Each structure stands twice: as C-alpha cells, then as structure tokens.
Amino acid sequence: MTSNVRILVITSLALFAMFFGAGNLIVPVMIGAQAGNLAWSAAIGFVSTGVLLPVLSMVAMSTKRSDEKRLADRLGVRMGLVVTTLIFLFTGMVYAIPRVGAVSYEMAFGPYTHSFSDLASRLMMLCYSAVFFTLAYIIARRPNMIIRNVGTWLTPALLVLLLVVIIGSWMMPPVNTVPNEQYQAAPVVTGFIHGYFTMDALAALMFGGVVISTLSAAGWNKRQVHRGTALAGMLSGVFLVVVYVGLVRVGQVGVGDNGAALTANVTRDLFGPIGQTLFGMIVVLACFTTALGLLGASVEYFHDLIPAISQKTWLGIATGVSFALTNLGLVKILAIVAPVNQLLYPIVMVLVVVSLIDLATPGRLFFSYRIPAWATALLALPEALNSTGLSVFSALRYGLDFFPLGYLQMAWVVPAAVALVIGLGIDISRGRLTKGR
C-alpha cells in the first residue's frame with residue numbers, strides 16, 4: 001500500500017467513526033423495529049439523508065475555493081456566517097458533543113445504575129463525563145493527530161465490535177414484522193426524515209475542514225486534497241451503508257423500548273452476560289470518536305472566526321461547555337434537536353445540490369444559490385417553530401400543509417425547486433454558467 005493510499009484509507013476510516021455516533025447507532029435499529037416488513041423500504045430513505053447526503057456534502061466541501069472562507073458563503077455572506085455558525089454550535093458544544101457524552105453513559109452504564117439513588121447516579125454521571133471529556137481534551141490538543149488516532153486504532157476496534165453483533169443478528173429470526181402507522185403510510189419518506197437525526201450532513205461541513213487540514217499537513221497539493229476529500233467521503237459512506245443495513249437487521253430481531261435497550265438485549269441474547277460489556281464498548285467507542293471529530297472541527301472554526309482566542313482556549317471552552325451540558329441529562333439535551341434539524345437540514349441540502357451543479361459548470365453560479373436558499377429558509381423556519389410542539393406555533397401547520405409535501409414536513413421542497421429554476425435562469429441570462437464573477 002502506497003503512502004497516499006494508506007493516508008486515504010485511514011482518513012476514510014476516521015471519517016466513518018466521526019460520523020458514527022449515538023444517533024447513528026440508535027436510529028437504524030429503531031427503523032428495523034418499527035418498520036417491520038417495510039424496514040428495507042424505510043432504510044432507502046434513511047440512507048438517502050444518513051449516508052448519501054453526507055457523502056455529497058463531503059464532495060461539495062471538496063469544491064471549496066481558496067477565496068471562500070465558508071462554503072455556505074455561497075448563499076450570501078451573512079446567511080453563510082449565520083448558517084455555518086449555527087451548524088458548528090449545534091453539531092458541536094451546544095448539542096451534539098453533550099449528546100454523545102450523555103448517551104454513552106446512559107447506554108453503557110445506565111443499566112448498571114438503576115438501583116442507585118438519584119444523587120449517586122448524578123455523581124456517577126459527573127465522574128464518567130469528567131473522564132470522557134478530559135481524555136477527549138488531551139487527544140484533541142493535537143488536531144492533526146485526531147485522524148491518525150481515530151483511523152488507525154479506534155475505528156478498526158469499533159468496526160470489529162459492530163460486525164460481531166451484526167453477523168450474530170442474521171442468525172436470529174425476525175420478531176418485528178408489523179410496521180407502525182407512520183411507516184405504513186410512507187416508509188421511504190419516514191426513513192428520509194429520520195435520517196435527519198444522525199446530523200451527518202451538517203457534520204460533513206465540519207469534518208470536511210478536518211480532512212482538508214489533515215491531507216494538507218501530509219503534503220498533498222491542492223488538487224490531491226480536493227480529490228482525497230471527496231474520495232474519503234465516498235469510502236466512509238460505503239462503511240456507513242454496510243453498518244446501517246446490519247443495524248436495521250438488529251432492530252428486526254430484538255425487542256426493547258428504545259434503540260439502546262433493544263441493541264443491548266440482542267447482544268445479551270447472543271453472547272450472554274458478556275454481551276452487555278460488548279454493547280457498552282461499542283457505544284463508548286462510537287461516541288468518543290465522534291466527540292473527537294466534533295471538537296477538532298469546532299475548535300478550528302471558532303479560532304478562524306475569532307483568532308484572538310487561541311485554539312487551546314477554544315478547546316477548553318468547547319470541552320467545558322460540553323461537560324456542563326452533558327450533566328443536564330439526555331432528556332433535556334434531546335429536546336432541542338428536532339427544531340434545529342428542521343431549520344438547518346433543508347438549507348444544507350440546497351447548498352449541497354447547487355454546489356454539485358456548480359461543479360459541473362465552468363463558471364460560478366450566484367443566484368442559483370441565493371434564491372433557493374431564501375425560499376427554503378422562509379419555509380424551514382416555520383417548520384422548525386412548529387416542531388417545538390409549543391401551542392403558540394401550532395397554527396403554522398395549516399399554512400405549511402397548504403404546500404405540496406407539506407403534510408410530510410417537506411413544504412420547502414417544491415418552492416426550493418422552483419426557486420432553483422429561476423436562479424439558474426438568471427445565472428444563464430447573465431452568462432454565469434460559462435464565466436466567473
């Protein structure tokens with residue numbers, strides 16, 4: 001294996017592990033459990049937003065030009081700053097990093113602490129999260145080593161543990177065959193929406209910077225870096241598809257109130273008492289590798305945004321905030337995810353799609369980014385407000401359902417498509433498909 005190929009493989013493995021966090025473990029398992037005999041149809045929708053979109057996001061990131069501070073600046077500098085900062089906040093220290101800290105504790109150690117008092121459980125959580133984030137801080141202090149550490153050591157261990165459980169699940173008979181009402185109505189679309197909860201398409205815009213920095217530090221030239229970033233995204237997507245298909249199967253053969261309990265039950269059925277330990281190792285590894293990637297990307301972004309604050313200080317801020325929010329508990333952390341996803345995911349999808357169209361043209365698109373982005377944002381915002389469940393926003397549902405696909409929480413799709421056609425028409429009339437700005 002040549003040096004460049006080895007670097008690409010390690011980078012792809014690391015990228016897979018950074019993508020594969022708590023939600024990635026739970027959501028496909030619950031699809032298998034809730035979609036029954038429609039699970040594979042639902043899996044197609046889930047893979048679209050859980051794998052294909054993150055891979056396309058990585059390809060889009062590989063098109064980032066040297067004169068562009070942020071890829072999202074193509075939507076307009078102000079919108080680009082707001083969208084990118086929200087992505088780095090919510091897929092970083094405000095939500096995603098605390099989530100992986102809390103989920104890893106609840107799933108790996110929660111089953112052993114049911115008999116503990118509330119105070120004892122809180123102290124256990126405090127001690128665990130202190131160790132978790134101290135180790136993450138130590139490793140993340142050398143950002144160029146994150147890819148190497150994760151790709152060389154942690155990812156192979158994670159993949160081996162996952163494959164042991166997945167292979168075992170194919171030896172068990174299905175127990176969940178009747179899909180619930182949501183999947184009976186629209187299995188592919190329901191799986192598509194559930195793919196939002198991996199947050200990987202958003203994370204790809206973060207991890208892309210880590211990959212680009214790593215390949216550049218390895219001495220790759222600009223063209224090699226762009227190509228390597230896209231290839232790393234594609235190869236990590238292959239790993240994700242294999243694991244997701246296996247986890248859907250795990251959901252079909254197990255029982256449990258949630259994805260964590262179901263997977264834990266399957267590992268116990270397969271391997272006896274040692275199964276719980278195996279499950280705990282999978283969870284902790286998956287969450288820890290994701291936390292490392294998110295910390296590295298967050299620190300790099302916020303240091304570039306406010307250079308007066310050193311990277312070491314930003315790392316301290318990110319780990320400190322994440323540690324504090326983790327100890328609020330999983331329920332409070334999860335309460336904020338749906339509105340954020342409903343707002344950011346549609347805008348990111350528009351950015352990725354137009355970036356791919358832009359890649360195929362010799363010029364630079366302009367209005368094709370801005371007009372669809374604003375049309376999408378105008379509908380994504382009320383969808384996000386409605387998803388909070390607050391009664392003050394409930395009337396928004398009537399307006400959203402007026403649009404095609406609105407009843408599927410995708411009111412933005414048709415207006416965005418129309419806006420894209422308009423934007424392309426303006427760009428064509430101004431010669432932007434054949435020349436730059």
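Residues numbered from 1 in each chain as written. Predicted model: local features only at pLDDT ≥ 70, side-chain atom pairs only at ≥ 80, totals over all residues. Heavy atoms only, no water.

A word on the overall build of the protein chain. Scanning the protein chain for helices and strands turns up 19 helices and 0 strands. Taking the principal axes of the C-alpha coordinates as reference, the protein chain spans close to 70 × 50 × 45 Å. In the protein chain, buried positions account for 56% of the 437 residues. Counting every atom, the protein chain has about 18,400 Å² of accessible surface; 70% of that belongs to carbon and sulfur. Here the protein chain holds 26 positive side-chain charges and 15 negative ones, and the gap between their average locations is 12 Å. (Helix = DSSP H or I, 4+ residues; strand = E, 2+ residues; numbered from the N terminus. Buried < 20%, exposed > 50% of the residue type's maximum accessible area, 1.4 Å probe, protein only. Areas by Shrake-Rupley, 256 points an atom, 1.4 Å probe, with all protein chains shown as cover. Lys, Arg positive; Asp, Glu negative; His and termini not counted. Charge placed at Lys NZ, Arg CZ, Asp CG, Glu CD.)

Moving on to unusual backbone geometry. Positive phi is not limited to glycine here, since L405 has a value of about 70°. Owing to a relative accessible area of 31%, L405 belongs among the partly exposed residues under this scheme. The phi dihedral of Q409 is positive, around 65°, even though this residue is not glycine. Relative to the helices and strands, Q409 is located in the loop between α18 (396-401) and α19 (413-429). A relative accessible area of 32% means that Q409 is categorised as partly exposed.

Further remarks concern the environment of V165. Relative to the helices and strands, V165 resides in helix α7 (residues 146-169). In this structure V165 comes out as buried when scored by relative accessible area, which is 5%. The spacing of V165 and T267 is 102 residues in sequence and 6.4 Å in space, taken between C-alpha atoms. Excluding residues that lie within four positions of it along the chain, V165 makes contacts with V250, T267, L270, F271, L278 and I282. (Contact = heavy atoms within 4.5 Å.)

Turning to the confidence of the model for the protein chain, a few remarks are in order. For the protein chain, the mean per-residue pLDDT works out to 87, and 96% of the residues sit at or above 70. Ranking the elements of the protein chain by mean pLDDT puts helix α15 (residues 330-334) last with 64 and α19 first with 95. (pLDDT = per-residue confidence, 0-100.)

Time to look at helix α1 (residues 3-19). Taking 1.5 Å of rise per residue, the 17 residues of α1 would be expected to cover 24 Å, and the 24 Å separating its terminal C-alpha atoms lies within 8% of that figure. Summarising burial for α1: 12 of the 17 residues are buried, a large majority. The complete set of buried residues in α1 reads I7, L8, I10, T11, S12, L13, A14, L15, F16, A17, M18 and F19. (Expected span 1.5 Å × (residues − 1).)

What follows is about the side chain of T11. Checked against the element boundaries, T11 lands in helix α1. Within polar-contact distance, the side chain of T11 engages the backbone oxygen of I7 at 2.7 Å. Aside from chain neighbours lying at most four places away, what touches T11 is I147, V211, L215 and A232. (Polar contact = N/O pair within 3.5 Å; in protein donor to acceptor, adjacent residues only side chain to side chain.)

All right, on to the domain arrangement of the protein chain then. The assigned domain composition of the protein chain is domain 1 (3-327) and domain 2 (339-436). Here domain 1 and domain 2 have C-alpha centroids that lie 26 Å from each other. Each partner contributes residues to the interface: domain 1 has 33 residues there, and domain 2 has 23 residues. Taken together, the two surfaces of domain 1 and domain 2 that pack against each other cover about 2,600 Å², and 77% of this comes from carbon and sulfur. (Domains from an automatic or database assignment. Buried area = accessible area lost by both parts, 1.4 Å probe.)

Following both chains from N to C, one finds helix α10 (residues 200-217) and helix α13 (residues 274-305) inclined at 85°, their axes separated by 8 Å at the closest point. Classed by the angle they form, the pair α10 and α13 counts as roughly perpendicular. From α10, M206, F207, G209, V210 and S213 reach across to α13, where they touch G293, L294, G296, A297, S298 and E300. Its residues assigned to classes, the contact of α10 with α13 shows 5 nonpolar, 5 polar and 1 charged. (Axes fitted to C-alpha atoms, helices over the stretch in contact; angles between N-to-C directions. Parallel < 35°, antiparallel > 145°, perpendicular 65-115°, else oblique. Nonpolar A, V, L, I, M, F, W, Y, C, P; charged D, E, K, R; others polar.)

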